[in-house]
Amino acid sequence: MKKCMIILFFSVLLLPNLIWHAAGFEDTTNTENRALSEWPEWSPDKMDDFPSEVESFINDHAPFRSAWMDAYASINFSLFHSIDHAEVIVGKENWLFYKGNETVYDSLGICPFSEEELHGILEQLLDLRERYAKDEREFVFLLIPNKETVYSQYMPDCYAPLSDTSRARQLVDYIQTHSDICVRFPLPDLQEASQETLIYYKTDTHWNALGALIGTHVLLEALGHTAAELPSFSLTVKDGDRGDLGDLGHTPMTYLDETSMQIDNYLTYVDTETLEYDENGTGLIRTSAPNAPDTRTIVMIRDSFASAMVPILSRNFQAMTLVNWEKIATVDPAALDGDVFVYEIVERNLGRMAGDLTELLNK
């Protein structure tokens, strides 16, 4: 009997691996918004960490891992209307919201900036403008609202604001009161549009193509474009794929729904060329459009929200360079030379803003 139990125990451990490899399965997808563990290199000085690193590798690459996680998520959502992930909030009507990066602080309106922090950020922005903008009027600080701020009506009631302000509103008010820096926080524009249509994804942290178009138009107006100059466009609407928040919880689309939007027929006469699109390497996105309506070169320090702005911005400026904030330390300073300089950041990442600006000023 004891031998049978031992054989059964090892069969349970080994059988999935045998089936996986015998059937030739290969699953290289990663929907967890993090880097999966790699097989560790052994060395005498890493002997204490080696076992735990091997365990992490086995856990991240276990056979049928994604299938089991999907099955667990399905049961969890169907029975308890819940997603077992620390950074995902299930809102009303199955909207998904983000809980990481101090987003909850922004939703509740707590943990504001101190006067010293506000003054420090403003001083850095003034130094940044002086260093990188050829003209003070061609420097813009673009602060993008959280999805949780724009669609607060779908947040659970327990996340109702505890104050009438937030770090984003606080920072914008301080900058406008104490300086002439051009700052744009397009919350009113996005909230107005959200009454008519979707401008953020229901299962993702980001805005969709229409939200990005609205935000880009706000930026263009700040840089001298008038509403009359903004061209017409058409919109293609279709079912969308599961977004990053759905991926985090492995939640099947059976319980969710998503909408994808595509901007068409926007400045169709402009010929654009992608010179570089290397988000994870150099961190640069560079385009050229010799017949674009704006002859200036635009440089933007940006986060993931700006990715959806690329099709619009690239057709408005004859040259564009977008720099991933994670690559500020390694980017060639020559890439930061342009006519227009924009610093873009989403509301939930304001906590890292001072660090970004320090990196830029140290280039």
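Rules used in this analysis
- Residues numbered from 1 in each chain as written.
- Predicted model: local features only at pLDDT ≥ 70, side-chain atom pairs only at ≥ 80, totals over all residues.
- Heavy atoms only, no water.
- Helix = DSSP H or I, 4+ residues; strand = E, 2+ residues; numbered from the N terminus.
- Buried < 20%, exposed > 50% of the residue type's maximum accessible area, 1.4 Å probe, protein only.
- Contact = heavy atoms within 4.5 Å.
- Areas by Shrake-Rupley, 256 points an atom, 1.4 Å probe, with all protein chains shown as cover.
- Phe/Tyr/Trp six-rings, centres within 6.5 Å; stacked < 30°, edge-to-face > 60°.
- Lys NZ or Arg CZ within 6 Å of the ring centre and 35° of its normal.
- Polar contact = N/O pair within 3.5 Å; in protein donor to acceptor, adjacent residues only side chain to side chain.
- Axes fitted to C-alpha atoms, helices over the stretch in contact; angles between N-to-C directions.
- Parallel < 35°, antiparallel > 145°, perpendicular 65-115°, else oblique.
- Left-handed = near helix turned anticlockwise from the far one by under 90°.
- Nonpolar A, V, L, I, M, F, W, Y, C, P; charged D, E, K, R; others polar.
- Pairing = 2+ DSSP bridges.

(A) How the structure looks around the overall build of the protein. Scanning the protein from N- to C-terminus turns up 12 helices and 11 strands. Looking at the protein residue by residue over its 363 residues, the buried ones come to 47%. Taking all contacts inside the protein whose residues are at least 6 apart in sequence as the whole, residues at least 24 apart take part in 71%. Accessible surface for the protein amounts to roughly 18800 Å². Of this, 53% is attributable to carbon and sulfur atoms.

(B) Up close: unusual backbone geometry. Positioned with a positive phi, Asn94 is a non-glycine residue whose angle comes to about 65°. The backbone phi angle of Glu102 is positive, close to 65°, even though this residue is not glycine. Secondary-structure assignment places Glu102 in the loop between strand S2 (96–98) and helix H4 (103–108).

(C) Spatial organisation of the packing of aromatic side chains. In total, this model carries 11 aromatic pairs according to the counting rule given. Ring geometry for Trp95 against Tyr151: centres 4.6 Å apart, planes inclined by 35°, an arrangement best described as tilted. Linking Trp95 in the loop between strand S1 (88–90) and S2 with Tyr151 in the loop between helix H6 (147–150) and helix H7 (167–178), this pair joins segments that are 56 residues apart in sequence. Given a relative accessible area of 2%, Trp95 falls into the buried group. Given a relative accessible area of 2%, Tyr151 falls into the buried group. The ring of Trp325 has Arg352 lying over it, and the distance from NZ or CZ to the ring centre is 3.6 Å.

(D) Broad picture of the side chain of Asp294. If you trace the backbone, Asp294 turns up in strand S9 (residues 294–302). In this structure Asp294 comes out as buried when scored by relative accessible area, which is 7%. A polar side-chain atom of Asp294 sits 3.0 Å from a polar atom in the side chain of His225. Non-local contacts of Asp294, meaning those with residues more than four positions away in its chain, are made with His225, Asn316, Phe317 and Gln318.

(E) Spatial organisation of the packing of helix H5 (residues 115–132) against H7. Remark: H5 packs on H7, axes separated minimally by 10 Å, with the N-to-C direction vectors making an angle of 60°. The angle between the axes of H5 and H7 places the two elements in the oblique class. Like other packed secondary-structure pairs, H5 and H7 cross with a definite hand, here right-handed. Judged by residue contacts, Glu115, Leu118, His119, Ile121, Leu122 and Leu125 of H5 engage Gln170, Leu171, Tyr174, Ile175 and His178 from H7. Looking at side-chain class alone, the contact of H5 with H7 contains seven nonpolar, three polar and one charged residues.

(F) Structural context of the sheet that holds strand S7 (residues 273–278). Reading across the sheet, the seven strands line up as S4-S3-S11-S9-S10-S8-S7 and stay open at both edges, with mixed pairing between neighbours. Across the chains shown, the open sheet's two edge strands, defined by having one partner strand only, are strand S4 (182–184) and S7. Ignoring which end each strand starts from, the neighbouring axes of this sheet average 15° apart. Relative to strand S10 (residues 317–324), strand S8 (residues 284–288) is paired through five bridges, and the arrangement is antiparallel. Bridge pairing in S10 links Ile285 to Leu322. Sheet contacts for helix H12 (residues 353–361): strand S3 (139–144), S9 and strand S11 (340–346); angle to S11, the most-contacted strand, approximately 150°.

(G) Main features of the pairing of S3. The buried fraction of S3 is high, at six of six residues. Note: S3 against S11, six bridges, orientation parallel. The residue bridging Phe139 from the neighbouring strand is Phe341, located in S11. For S3 and S4, the ladder comprises three bridges, and the chain directions are parallel. Looking across to S4, one finds that Leu142 is bridged to Arg184.

(H) Broad picture of the pairing of strand S6 (residues 259–264). For S6, the buried fraction is high: five of the six residues fall into the buried class. Here strand S5 (residues 234–239) runs beside S6; their pairing, made up of six bridges, is antiparallel. Residue pairing for S6: Leu235 is matched across the bridge by Ile263.

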